[in-house]
Amino acid sequence: MRYAKITGTGGYLPPRIVSNDELAADMATRGIETSDAWITSRTGIRQRHIADPGVTTSTLATHAARAALDNAGMSATDIDLIIVATSTPDFIFPSTACLVQANLGVAGGAAFDVQAVCSGFVYGLATADAFIQAGRARHALVIGAEVFSGILDWNDRRTCVLFGDGAGAVVLSAADEPGILSAKLDADGSQMNILCAAGNVVRGQVTGDPFLRMDGQAVFKLAVQALTRSAHEVCDEAGVSIDQIDWMVPHQANIRILNFIGRRLHLPEEKLVVTLDKHANTSAASVPLALDVAHRDGRIKAGDLALLQGVGGGFTWGSILVRM
Ligand code: UT7
């Protein structure tokens, strides 16, 4: 039997940090009221990293990919599959994964993007796991990368304060023992309107509304329900109980969502990896960035059981149980 195991993690954040106070002061110049107190108490977010103009998703993704390769002790020539999860690709085409492949200076092996918004990394990791188990790849780079600042309406205080830019990556390699124990991906397209950027370019013109729009309360409720159920499903599939989980590495949207889910699963707070205070919500990058932070600071060790969870537009959600 062939399995897939995470052999390296990496992350990259653009250097410019924007604090809540700085953002509030900037928005005040446009007559929009917000405050550090509101953002912190409602979300747990204190700051976000914002890419400078001209810095693209493929640039952030390439930095994260190099860091993951370094961590795995591998070179880009070892990689035969690149999957980039993003909703903010550099171009309509080619895919961001192809741009990353070119930046890494290699050719050959499959490279493509997955689009599942904030669940994208979890969708990408499950896809790479299936490729490896089927014998179609040996070493995959799975990357979540976003320049979400480019699709935010900076005059909409209900959304623009919540997001940031960044990239996270893992190397997933064929192994004799299981690393990815189970995966459960779901979607409910009937909920497409609660979180969307419903614009496009047609005949050279932007059509529809290209900015991110969200019904925050509807997303909040669905996220808590879906991720609680999904955690049970993925654990049942792997034959492990929730209390055997060492680390919960969830999508980083709102500390109140994470605490709700943690309480429902009876998971102690210390098992929760939280980066949203520093990174805000980086969509597809949030799970691999959080994984990388906790892996590098020594919390997540070889042999630990980690539950990765994504949730977002589509509506999409998913869980992956990983033996590190
Ligand atoms: O990555 C995809 C997943 N996304 C999520 O998981 C997001 C899920 N949703 C949430 O995290 C929360 O619903 C939000 C953080 C988006 C909003 O928090 P909330 O507690 O649901 O607030 P609310 O939407 O009920 O708004 C409460 C009040 C409103 O004012 P009124 O109508 O009560 O007078 C809003 O207009 O807060 C106001 N408000 C703000 N005030 C200051 C909304 N945004 C802001 C703001 N600053 N930035």
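Above this text you will find the structure in question.
All figures in this text were calculated on a predicted structure; none of them were measured in a lab.

What's the story with the overall build of the protein in this structure? I'm lost.
What the protein contains, in helices and strands, is 10 helices and 15 strands. Relative to the globule expectation of 20 Å for 324 residues, the C-alpha radius of gyration of the protein, 19 Å, shows essentially globular dimensions. Principal-axis analysis of the C-alpha atoms places the extent of the protein at approximately 60 × 45 × 40 Å. Scored against the burial criterion, the 324 residues of the protein give a buried share of 54%. Considering only contacts in the protein between residues 6 or more positions apart, those separated by 24 or more positions represent 78%. By element, 52% of the accessible surface of the protein is carried by carbon and sulfur atoms, the whole surface being about 13500 Å². In the protein, which carries 26 positive and 33 negative side-chain charges, the distance between the mean positions of the two groups comes to 3 Å.

Which parts of the structure should I look at to understand helix H8 (residues 255-264)?
Each full turn of the α-helix corresponds to 3.6 residues, which orients residues three or four apart in the same direction. Taken as a whole, H8 has its buried residues at Ile-257, Leu-258, Ile-261 and Gly-262. Each buried residue of H8 sits inside an arc of 130° when the element is viewed along its axis, so together they form one side. The secondary structure elements touched by the buried residues of H8 are helix H7 (216-238), strand E13 (247-250), helix H9 (276-279) and strand E14 (305-312). For H8, the capping residue at the N-terminal end is Asn-254, with a side-chain oxygen 2.8 Å from the backbone nitrogen of Arg-256. Once H8 ends, the next one or two residues include His-266, with phi positive near 55°.

Help me understand the packing of H7 against H8, please; the structure alone is not making it clear to me.
Angle between the axes and distance between the axes: these two values describe a pair of packed helices. At a closest axis distance of 10 Å, the pairing of H7 and H8 adopts a crossing angle of 35°. Crossing of H7 over H8 shows right-handed handedness. Listed contacts from H8 to Phe-220, Ala-223, Val-224, Gln-225, Leu-227 and Thr-228 of H7 are Arg-256, Ile-257, Phe-260, Ile-261 and Arg-264. Residues belonging to the contact of H7 with H8 are distributed by class as follows: seven nonpolar, two polar and two charged.

Got a minute to help me understand the state of the cysteines in this structure?
As used here, a disulfide is simply a covalent bond connecting the sulfur atoms of two cysteines. For the structure on display, the rule yields zero disulfides. Cys-196 takes part in no disulfide bond, and the closest cysteine sulfur, belonging to Cys-118, lies 13 Å away. Look at Cys-196 and you get partly exposed, because its relative accessible area is 24%.

What exactly am I supposed to notice about the pattern of salt bridges here?
When the charged atoms of two side chains lie near each other, side chains of opposite charge can form a pair. According to the stated counting rule, one finds 12 salt bridges in the structure shown. When the shortest N-O distance is used, the salt bridge between Asp-156 and Arg-213 registers 3.5 Å. Of this pair, Asp-156 sits in the loop between strand E6 (139-146) and helix H6 (157-160) while Arg-213 sits in strand E12 (residues 213-214), and the two are 57 residues apart along the sequence. Overall, Asp-156 belongs to the buried group, its relative accessible area being 7%. Here Asp-292 ties to Arg-296 by a salt bridge, and the two come within 2.6 Å at their closest N and O atoms.

Help me understand the pairing of E14, please; the structure alone is not making it clear to me.
Working note: regular strand, side chains alternate between the two faces of the sheet. Most of E14 sits inside the fold, with eight of its eight residues counted as buried. Burial along E14 is two-sided: the face carrying Leu-305, Leu-307, Gln-309 and Val-311 and the face carrying Ala-306, Leu-308, Gly-310 and Gly-312 are both buried. Pairing between E13 and E14: four bridges, direction parallel. Looking at the pairing, Pro-250 lines up with Gln-309 of E14. Two strands pair when backbone bridges link them, and E14 and strand E15 (residues 316-323) are joined in this way by eight bridges, in the antiparallel orientation. Residue pairing across strands places Gln-309 opposite Ser-319, the latter belonging to E15.

Rules behind the numbers
- Residues numbered from 1 in each chain as written.
- Predicted model: local features only at pLDDT ≥ 70, side-chain atom pairs only at ≥ 80, totals over all residues.
- Heavy atoms only, no water.
- Helix = DSSP H or I, 4+ residues; strand = E, 2+ residues; numbered from the N terminus.
- Rg over C-alpha atoms; globule rule 2.2 N^0.38 Å.
- Buried < 20%, exposed > 50% of the residue type's maximum accessible area, 1.4 Å probe, protein only.
- Contact = heavy atoms within 4.5 Å.
- Areas by Shrake-Rupley, 256 points an atom, 1.4 Å probe, with all protein chains shown as cover.
- Lys, Arg positive; Asp, Glu negative; His and termini not counted.
- Charge placed at Lys NZ, Arg CZ, Asp CG, Glu CD.
- Arc of directions from axis to C-beta.
- Polar contact = N/O pair within 3.5 Å; in protein donor to acceptor, adjacent residues only side chain to side chain.
- Axes fitted to C-alpha atoms, helices over the stretch in contact; angles between N-to-C directions.
- Left-handed = near helix turned anticlockwise from the far one by under 90°.
- Nonpolar A, V, L, I, M, F, W, Y, C, P; charged D, E, K, R; others polar.
- Disulfide = S-S within 2.5 Å.
- Salt bridge = Lys/Arg side-chain N within 4 Å of Asp/Glu carboxyl O.
- Pairing = 2+ DSSP bridges.

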